[in-house]
Amino acid sequence: MGNCRHCLNPAGFLRSVHRECQEKHNAGRAEILSLVRKTLKEHSALAGLRATTTQMAAESFVDAASTRALVVEGYTQAVEDALADGLLSDEEEDNLVLLEGEFSLTQTELDQKGAYTKVVQAHVLRELANGKLPDKFNVTGSLPFNMQRDEKLVWLFQQVSYYEQKTRRHIEGRSSGVSIRVARGVYYRTGAFRGHPVETTVNEHIATGVLAFTTKHVYFASPQKSFRIPYAKIVAFTPYSDGIGLQRDAMTAKPQVFVLGDGWFVYNLAMNLSQFSAQSQIHN
Ligand SMILES: [Zn+2]
């Protein structure tokens, strides 16, 4: 006769678990997850969350590793919840940082589904929307292009596939995406980027390289092809779930498409930076 894998007492003939114990275990897991989510969302005090979850875990036979995974999942879901209807507020960001400290979570753990990166990106977008230049981005090593003296790097994407549209078509998605005003900037919610991934069959792959956004230009650098485009020369950005398209103002210019995995951040970044650069030109 085996023992119950949860309470370790005899489980009965041909059984490895008591039904009540399994139910308690499942309920405990769900409770821990929802408590973490709720605490982050409702800005309640985070102090004591560790003690509470530890106790809940003990009562429902949830081990330490599983508890930790549930906390990470709660963090991930809270980030998704927040970005679905707006940018992360200062307070939401502070709560996430507190949770990170409370459970001594590593950035690698939090970034398993990209949640940590999203928090950093949301911070950058909030700064830009407030008319400030973000200082979160540090590049190690040298850049594959030369910036002007008065421009600043805001973000750099690696391993970006660059495509040119084979045939000139109308610019799609010009007004797509649900935007909301955030301070001086604009924000397109994560939900606006589901569907319509880049249809690469109509596009020709030209090169793979680095795509960078500065305060003045979009740069692309690769062994095959490198160029930079001032924001003022771009008439439209097209949002895709896995990248971004842009159209230059020249009549002959083919639409250019960059595939980099996540369209939400790059589109918000491009829209706010082009707005930012237009505003700073007016002020200068
Ligand atoms: Zn049991």
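Residues numbered from 1 in each chain as written. Predicted model: local features only at pLDDT ≥ 70, side-chain atom pairs only at ≥ 80, totals over all residues. Heavy atoms only, no water.

**Side note on empty space enclosed by the protein**
Scanning the model with the defined rule gives three cavities of 30 Å³ or more in all. Size it by volume and the second largest cavity reaches roughly 50 Å³. Contributing to the lining of the second largest cavity are Leu128, Ala129, Gly131, Arg184, Gly185, Asn272, Gln275, Phe276 and Gln279. At the level of elements, helix H6 (115–129) and helix H7 (263–283) are the ones that each hand at least two residues to the lining of the second largest cavity. Of the residues in the lining of the second largest cavity, the class split is three nonpolar, five polar and one charged. (1 Å grid on protein atoms, 1.4 Å probe; cavity = no way out; pocket = protein on both sides within 12 Å on 5 of 7 lines; lining within 4 Å. Points joined across faces, edges and corners; volume = space filled by probe spheres on them. Helix = DSSP H or I, 4+ residues; strand = E, 2+ residues; numbered from the N terminus. Nonpolar A, V, L, I, M, F, W, Y, C, P; charged D, E, K, R; others polar.)

**Examining unusual backbone geometry**
The backbone of Ser104 sits at a positive phi, close to 45 degrees, despite the residue not being glycine. One can find Ser104 in the loop between helix H4 (90–102) and helix H5 (107–110). For Gln159, which is not a glycine, the phi torsion comes out positive at approximately 55 degrees. Looking at where Gln159 falls in the secondary structure, it is placed in strand S3 (residues 153–165).

**What to know about the coordination of the zinc ion**
Looking at the metal site, the zinc ion is ligated by Cys4 (SG), Cys7 (SG), His18 (ND1) and Cys21 (SG), spaced 2.1 to 2.3 Å from it. The coordination sphere of the zinc ion comprises four donor atoms, whose angles at the metal cover 98 to 116 degrees; the geometry is tetrahedral. Considered as a linear motif, the donors of the zinc ion on their single chain read C-x2-C-x10-H-x2-C. Linking Cys7 in the loop between strand S1 (2–3) and strand S2 (10–12) with Cys21 in helix H1 (residues 19–41), this pair joins segments that are 14 residues apart in sequence. Owing to a relative accessible area of 10%, Cys21 belongs among the buried residues under this scheme. (Donors = N, O, S within 2.8 Å, 3.2 Å for Na, K, Ca; no water. Tetrahedral: all angles 85-135°; square planar, octahedral: opposite > 155°, others 65-115°. Buried < 20%, exposed > 50% of the residue type's maximum accessible area, 1.4 Å probe, protein only.)

**Here's the deal with H4**
Its 13 residues place the ends of H4 18 Å apart at the C-alpha level, agreeing with the 18 Å of an ideal helix rising 1.5 Å per residue. Taken together, the buried positions of H4 are occupied by Glu92, Glu93, Asn95, Leu96, Leu99 and Glu100. Buried residues of H4 fall within an arc of 160 degrees about the axis and therefore sit on the same side. The exposed set on the far side of H4, more than 90 degrees from its buried face, consists of Val97, Leu98 and Gly101. Residues of H4 that are buried in the fold lie against H1, helix H2 (49–59), helix H3 (64–85), H5 and H6. (Expected span 1.5 Å × (residues − 1). Arc of directions from axis to C-beta. Contact = heavy atoms within 4.5 Å.)

**Thoughts on the pairing of strand S8 (residues 227–230)**
Here S8 shows one buried face, formed by Phe227 and Ile229, and one open face, formed by Arg228 and Pro230. Where strand S7 (residues 217–221) lies against S8, four bridges are found, and the strand directions are antiparallel. Looking at S8, one finds that Val218 is bridged to Ile229. Hairpin connection between S7 and S8: a loop of five residues separates the two successive antiparallel strands. (Pairing = 2+ DSSP bridges.)

**What to know about H1**
With 23 residues, H1 should reach 33 Å at 1.5 Å per residue; the first-to-last C-alpha distance of 33 Å fits that figure. Every buried residue of H1 is listed here: Cys21, His25, Gly28, Ile32, Leu33, Val36, Thr39 and Leu40. In this structure, the buried residues of H1 make contact with H2, H3 and H4.

**Considerations on the sheet that holds S3**
If you walk across this open sheet you meet the seven strands as S8-S7-S6-S3-S11-S10-S9, and the pairing is antiparallel. The open sheet terminates on both sides in strands that have one partner only, identified here as S8 and strand S9 (234–240). Averaged over all pairs of adjacent strands, the angle between strand axes in this sheet comes to 30 degrees, irrespective of strand direction. As defined by bridge partners, S3 adjoins strand S11 (residues 256–259) across four bridges and the pair is classed as antiparallel. Bridge pairing in S11 links Ser161 to Val259. (Axes fitted to C-alpha atoms, helices over the stretch in contact; angles between N-to-C directions.)

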